[in-house]
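Given next are the chains, with one letter for each unit.
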Amino acid sequence: MARCGTARNAALTDVISTKSKGGGIGLAMVRQLVHRNGGAVRYARSVATGARFIIAF
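What comes next concerns the included structure. (Residues numbered from 1 in each chain as written. Predicted model: local features only at pLDDT ≥ 70, side-chain atom pairs only at ≥ 80, totals over all residues. Heavy atoms only, no water.)

### Focus: the overall build of the protein
At step 1: Looking only at helices and strands, the protein has 2 helices and 2 strands in total.
At step 2: Starting at the N terminus and walking to the C terminus, you meet the elements of the protein as α-α-β-β.
At step 3: For the protein, with 57 residues in total, the buried portion stands at 14%.
At step 4: Within the protein, counting contacts between residues at least 6 apart in sequence, those at least 24 apart form 22% of the total. (Helix = DSSP H or I, 4+ residues; strand = E, 2+ residues; numbered from the N terminus. Buried < 20%, exposed > 50% of the residue type's maximum accessible area, 1.4 Å probe, protein only. Contact = heavy atoms within 4.5 Å.)

### Points about a nonpolar patch on the surface
At step 1: A surface patch of nonpolar side chains, amounting to about 310 Å² of accessible area, comprises Val30, Ile55 and Phe57.
At step 2: Relative to the assigned elements, Val30 resides in helix H2 (residues 26-36).
At step 3: For Val30, a relative accessible area of 33% corresponds to the partly exposed category. (Patch = residues over 30% accessible without salt bridge, like charges linked within 9 Å, V, L, I, M, F, W, Y side chains within 5 Å. Areas by Shrake-Rupley, 256 points an atom, 1.4 Å probe, with all protein chains shown as cover. Salt bridge = Lys/Arg side-chain N within 4 Å of Asp/Glu carboxyl O.)

### Some words on the environment of Ile55
At step 1: Inspection of the secondary structure puts Ile55 in strand S2 (residues 50-56).
At step 2: On the basis of relative accessibility, which here comes to 46%, the residue Ile55 falls in the partly exposed class.
At step 3: Separated by 25 residues in sequence, Ile55 and Val30 place their C-alpha atoms 9.1 Å apart.
At step 4: Not counting residues within four places of it along the chain, the set of residues in contact with Ile55 comprises Val30, Val34, Ala40 and Val41.

### Overview of the pairing of strand S1 (residues 40-46)
Look at any regular strand and the pattern is simple: side chains alternate between the two faces of the sheet.
At step 1: Across 7 bridges, S1 lies against S2 in antiparallel orientation. Residue pairing across strands places Ala40 opposite Ala56, the latter belonging to S2.
At step 2: Hairpin connection from S1 to S2: 3 residues lie between these consecutive antiparallel strands. (Pairing = 2+ DSSP bridges.)

### Quick look at the environment of Asn37
At step 1: Take Asn37: it is sitting in the loop between H2 and S1.
At step 2: Taking C-alpha positions, Asn37 is 8.2 Å from Phe57, a pair spaced 20 residues apart along the chain.
At step 3: Engagement of the side chain of Asn37 in a polar contact is seen with the backbone oxygen of Leu33, the distance being 2.8 Å. (Polar contact = N/O pair within 3.5 Å; in protein donor to acceptor, adjacent residues only side chain to side chain.)

Next comes the structure, spelled out in structure tokens:
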């Protein structure tokens, strides 16, 4: 598991969407709510399974 770096952190803070519908604010909202309640969001990447975001309190 890796801590959020510059590129990874952008996924949690910026409004990013690769879809034609949607605002791309999901992960940014999750991060804000989790941090506000004393938790942390971490990022893990696997070639076999793709990206995984872990929420810990």
